[in-house]
Structure formats: structure tokens, C-alpha cells
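Coordinates in review
Chain residues, written in single-letter form:
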Amino acid sequence: MSMFCYQCEQASKGTGCTAIGVCGKQPEVAALQDLLVYTMKGIAFWADKAREKGAKDQEIDRFMIDGLFTTVTNVDFDAAEVSKFVAEGVRLRGKAKQLCGAYDATVPAAAQDWDLPASIDEQVKLGALHGVKDFNVDADIHSVREIITYGIKGYAAYADHARILGKESDEIYAFTHKALAAQLDDSLGLMDCVGMAMEAGRINYVTMELLNQAHVEAYGHPVPTPVQLGTKAGKAILVSGHDLKFLEELLKQTEGTGVNIYTHGEMLPAHGYPGLKKYAHLVGNFGGAWQDQHSEFAKFPGAIIFNTNCIQKPADSYKDRLFTWGLVQWPDVKHVEGWDFSAVIKKAQECASFEDNPGQEILTGFGHNAILGVADKVIEGVKAGAIKHFFLVGGCDGAKSGRNYYTEFAEQAPKDTVILTLACGKFRFNKMDLGDIGGIPRLLDVGQCNDAYSAIQVALALADAFECGVNDLPLSMILSWYEQKAVAILLTLLHLGIKNIKLGPTLPAFITPNVLNFLVENYNIGPITTAEADLKAILG
């Protein structure tokens, strides 16, 4: 069967995946995920109406976040598991309708009492009728609706991490219902949708702030920390993903077992948190960004576990040592339910050991608290002319060509400039020794993708110190994007009025020419060109 998906940067031919996802997503899974989003729009219709009457339900609220997160790129590839989500969604649609009570106006088709077929094959056929393309609405309105959907999916990931650490926000839940329900309202015009997209950016900011609070309360403010890229003798588990609570629980259960823990990908910043770095068997980081896992995981001798998105189709060389947890699923890969990691530990103990082979050390842990702790030196450096410009060079990494631009940009950035970086895009250049300016490293690893919150706090503090707007600072944002969390962060930056953003390696396929023109005219967003040309344009 065919499919259509264009929610990530690697959409086939820059337009959309039609036979199989570049990420490995099968057409059946794509159709079921489309059906799940359609189902959640129906839930949102009733939940939003219920909230207008003062009624809400925690089960419904939490399901919406989990359901959205499970459709994010590189999370759930298991058709049977997505089907379970759809079935639960249909049940909760009925619950939300009951919660709302009497309603006399016209009910959109998604919110009506349609029945879910029993077989997955029939569910797939139904999902194919509710794909991401909608020819019944204006193309530009549809484009902005897609931007909203992907922004909501992005912040759902952060909301999930925060909830695992005991932090929730009714404001996030309320907007999620409102925004998804609005997609069923054809009376809303283009600028209504644009306003909703900007509000999604604000809600993502709220969500990142909540997650930052959760991380800091649980593990303390990140501090600059050297991370070992070599290996230590002994058994090993490699942790890939984003969830810090997961890592903490695994560290607790492996303490004293002789099993060392290594981070991978977006788990690298975990080494900067005092509450996590205190574990002596958190020994280093192995590998780089998600797209290199096939070659890197084959070289890792122990057990490997994913706790959030970024999984690829496993290779046979390590599939028997691979586990998933939380919302991450891959057919025929062992899945850990709950917080008991004994099966992962047992597998690690059965596997071969690493030899002692120390390697390079790199720094992480430059969250806003650490950077603002030396703000006086930073401000002094700017006033003295020692620091001429700041670049935020970060975002998602990916396998498509064009991403060497970010390496070249870091290499060519003048020695009197400082580079802040975050997310897995930093693996393009975070092993470089760029030196320092007056004791301040020129390369500052702010953290994970959600730590865009920290980067924003640094920018706001500098603007306050220099009594100017963020757009007046000697600061440029050079961003790479891959999936929906990047969309959410971009919407946050636009909500804050930040302009002149360079985005690459390609622009989203779901943005129409008219919508792109709106972003260019109002925010001066532009595609990256070459490192040399962009640096010349920025610095003169």
C-alpha cells in the first residue's frame, strides 16, 4: 500500500515519503498514526467543550500527550502498539463526550461516534482515509494546521518527560485540546491559524520551562563537566534517548553490579547534572547522533536501551542486545515495562566487556545557570571587544547531505566569537578544540533540544544587561531541524519575536510558498546557504 508522510526533514525528495518512510516507518504504521491523530482531534473537540463547562479529566489529558508523542518521528514503529492507542482513544472519545454533556450544534465527523474495526488491516484502511493531506481546505490554512500539529507533537515529548518527574500543567493540557479541536473548525481563517501557531510556541516555552524546573529540582543545575569519550574496562549498558528519570533509575539498579553506564546521543548532557554525575559508574559517552547508530551500536559490546525517540531499524549485529522503554517500540525488540531493568542488566552481564581505553574528553553542562554565573565576564568581554558575536548553532542532526554546513560554520567562525550549541546537531563539531576567550570556552554545550529554554534565558539576560532587544544583540541563530520538537522550538522563537533565523538543511515540505513568504516578511527567516556566505552576511 502507499502512504504519505512529510513531518520530518528527511521527507523523500523533499516532498514526502510515499512508499516507506525514510525513517523506516511502514505504510501500515503511518496509516494507524494518522488514524490516531484523527481520533485525538475527536477527543479534543469534546474535551475542549467540556472544559468550557468547567469539566476536565486527567486520564484524557494524559492520553493526549502520550498519543501525540507516540506519533513523533522515530518513536513507535509497531503497528499493534499504535492500534492499541487508537482503541484507547476511541474509548476516551466517548468519555470526553459524556464529560461534555448536552451539545446541540453540528458535530465534526472526527468527534462523531464512528466505530473502530476489530482487525488491524481494516483499521489501516480507515486510517488511509484520514491522512495528513486535506484537499477540502485552503492549502495555506492546511499548511499552518500542519505546523500547529507538529508543534504540539513536539511539546508533547517535553510534557511527557516532565510528567515522569511529577510535573504537569493544566495550561498545557487545555491548549492541546483547544488547538486540536480548532483543526476541525473550518470557520477559522488563515490568521486565526497563525495566531494558534504562535500560541503553540508560547505553550512550548511553558513546557520547556516546566521540564527545566523538573530537572533542576531532581538533579540540580547542570555544571560544566568533562565527559570521557573512551571506554572503561567492564560490562556495559548504552542509554539512548532523552529521559533523565529513566537514567537515574537505571543508575540506581546497576550500582554495585559491575556494569558501567554510557550515554548516547541526547543523553550526553546528563553528565552535567550533580544528581546524576555522582554515580561513579556513569563513565562516559559512546557514539554521536542518532543516524550513526547502525555502525556505532555494532561496536558496543553490551546491552543497549532506548527510552525516547531516535530509534532506527535495528541491525542483526545488535538486535538481540537491544531494548526499548516507554513509548518507544520496534517490532520484535524486547520492551521493558515499568521501572524494572533487571532483564537489561542481565543481558549486559552476559555480553562481552569493554577493555580500558581512555579517549578524548569534551565539556557539557553549560546551562543558563552556569553561563549566567560568569555573565560579568561575558559582558566585559563584549564591551572590551574580545567577544564580537554569539552564535547558537544547534538543533537536530540527520543523515541527509547538507549537514556538513554546521561543521564548516563552527570551523570558520572567527576566534572572537562564541558558539552555544544544543541537541544532537552538536555532534557535528563538539569534539573540536575551539579554544577560549578570557577563560570562557568558545564552544558551550547548553544541553538537550529542550534546553533551548536555557539558550533563550541567556539571550534574554544579555538583552537586559545591554538594555536592548534580543534582535539587537550580536547574536545569530543557525538552526538545523529534523523532527517535530524542532518545529515546536522554532514556534517558540517566533512567539518571542526573534528574527533573522537561519534554518536548514532544507525547509519543511509542509510549508506552502505563501506561508514561507509570511515568515520571511515578518521574521526574516531564511535558508542556510554556505558557511562562508552566511558568516559574511552576518558579520559583514
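Look a little higher up for the structure.
None of these values were measured; they are calculated from a predicted model.

1. Observations concerning the overall build of the protein
Along the protein, the regular secondary structure elements total 18 helices and 16 strands. In terms of overall dimensions, the protein is globule-like: its C-alpha atoms have a radius of gyration of 23 Å, near the 24 Å expected for 540 residues. When its C-alpha atoms are laid out on the principal axes, the protein stretches across 70 × 60 × 45 Å. When the 540 residues of the protein are sorted by exposure, 61% land in the buried category. Here the protein displays about 20600 Å² of accessible surface, and carbon together with sulfur accounts for 51% of that area.

2. Here we look at the pairing of strand β14 (residues 475-480)
For β14, a buried count of five out of six residues is recorded, marking the element as mostly surrounded by other parts of the structure. Across six bridges, strand β9 (residues 389-395) lies against β14 in parallel orientation. By the bridge assignment, G395 is partnered in β14 with S480. With three bridges joining them, β14 and strand β15 (residues 502-504) adopt parallel strand pairing. Counterpart to L479 in the pairing with β15 is L503. With helix α16 (residues 484-495) bridging β14 and the parallel β15, this β-α-β connection has right-handed handedness.

3. Describing the side chain of K153
Inspection of the secondary structure assignment puts K153 in helix α5 (residues 139-164). Nearest to the buried, unbridged K153 among oppositely charged side chains is D34, at 6.2 Å. Once residues within four sequence positions are removed from consideration, K153 is found in contact with Q7, V37, L68, T71, V72 and Q484.

4. With respect to the packing of α5 against helix α7 (residues 190-219)
Taken N-terminus to C-terminus, the directions of α5 and α7 make an angle of 10 degrees; their axes are 9 Å apart at the nearest point. By the angle class used here, α5 and α7 are roughly parallel. Pair α5 / α7 crosses with left-handed handedness. Residues D140, I141, V144, I148, Y155, Y158, A159, H161 and A162 of α5 touch α7, and the partners they reach there are L190, C193, V194, M196, A197, A200, I203, N204, T207, M208, L210 and L211. Looking at the contact of α5 with α7, its residues break down into 17 nonpolar, three polar and one charged.

5. Description of the sheet that holds strand β5 (residues 303-306)
If you walk across this open sheet you meet the six strands as β4-β3-β2-β5-β6-β7, and the pairing is parallel. If you trace the sheet from one side to the other, it starts and ends with β4 (282-285) and β7 (334-336), each paired once. Strand after strand, the sheet turns through a mean of 30 degrees between neighbouring axes, direction not considered. Pairing geometry for strand β2 (residues 235-240) and β5, over four bridges, is parallel. Across the sheet, residue I237 finds its bridge partner in β5, namely A303. Against the sheet, helix α8 (residues 244-254) makes contact with β2, β3 (259-264), β4, β5 and β6 (322-325), and its axis sits at roughly 165 degrees relative to β3, the strand it touches most.

6. Some remarks on helix α17 (residues 513-523)
Where α17 is concerned, the buried positions are V515, L519 and Y523. Summarising the axial view, the buried residues of α17 lie within an arc of 45 degrees, below the 170-degree limit, and thus occupy one face. Across α17 from its buried face, at more than 90 degrees, point the exposed residues P513, N514 and E521. In the segment just after α17, N524 is the residue with positive phi, at about 55 degrees.

7. Some words on unusual backbone geometry
Here the amide bond leading from G504 into P505 is cis, since omega sits at 5 degrees, within 30 degrees of zero. By the secondary structure assignment, P505 is in the loop between β15 and α17. In this structure, N524 takes a positive phi of about 55 degrees despite not being glycine. Along the chain, N524 turns up in the loop between α17 and β16 (526-527). Relative accessible area serves as the criterion here: at 44%, N524 is assigned to the partly exposed category.

8. What to know about the state of the cysteines
If you walk through the whole model with that rule in mind, you get zero disulfides. Not engaged in a disulfide, the cysteine C17 finds its nearest cysteine sulfur in C8; these two sulfurs lie 6.1 Å apart. Overall, the relative accessible area of 5% leaves C17 in the buried class.

9. Here's the deal with the packing of aromatic side chains
This model, assessed by the stated rule, comprises 26 aromatic pairs. With a centroid separation of 4.9 Å and 55 degrees between ring planes, the pair formed by F246 and W325 is classed as tilted. With F246 in helix α8 and W325 in strand β6, the pair connects residues that are 79 residues apart, well separated along the chain. Using a relative accessible area of 0% as the deciding quantity, one classes F246 as buried. What makes W325 buried here is its relative accessible area of 7%.

Each value, and the rule that gives it
Residues numbered from 1 in each chain as written. Predicted model: local features only at pLDDT ≥ 70, side-chain atom pairs only at ≥ 80, totals over all residues. Heavy atoms only, no water. Helix = DSSP H or I, 4+ residues; strand = E, 2+ residues; numbered from the N terminus. Rg over C-alpha atoms; globule rule 2.2 N^0.38 Å. Buried < 20%, exposed > 50% of the residue type's maximum accessible area, 1.4 Å probe, protein only. Areas by Shrake-Rupley, 256 points an atom, 1.4 Å probe, with all protein chains shown as cover. Pairing = 2+ DSSP bridges. Right-handed = clockwise from strand over helix to strand, strands pointing away. Lys, Arg positive; Asp, Glu negative; His and termini not counted. Salt bridge = Lys/Arg side-chain N within 4 Å of Asp/Glu carboxyl O. Contact = heavy atoms within 4.5 Å. Axes fitted to C-alpha atoms, helices over the stretch in contact; angles between N-to-C directions. Parallel < 35°, antiparallel > 145°, perpendicular 65-115°, else oblique. Left-handed = near helix turned anticlockwise from the far one by under 90°. Nonpolar A, V, L, I, M, F, W, Y, C, P; charged D, E, K, R; others polar. Arc of directions from axis to C-beta. Disulfide = S-S within 2.5 Å. Phe/Tyr/Trp six-rings, centres within 6.5 Å; stacked < 30°, edge-to-face > 60°.

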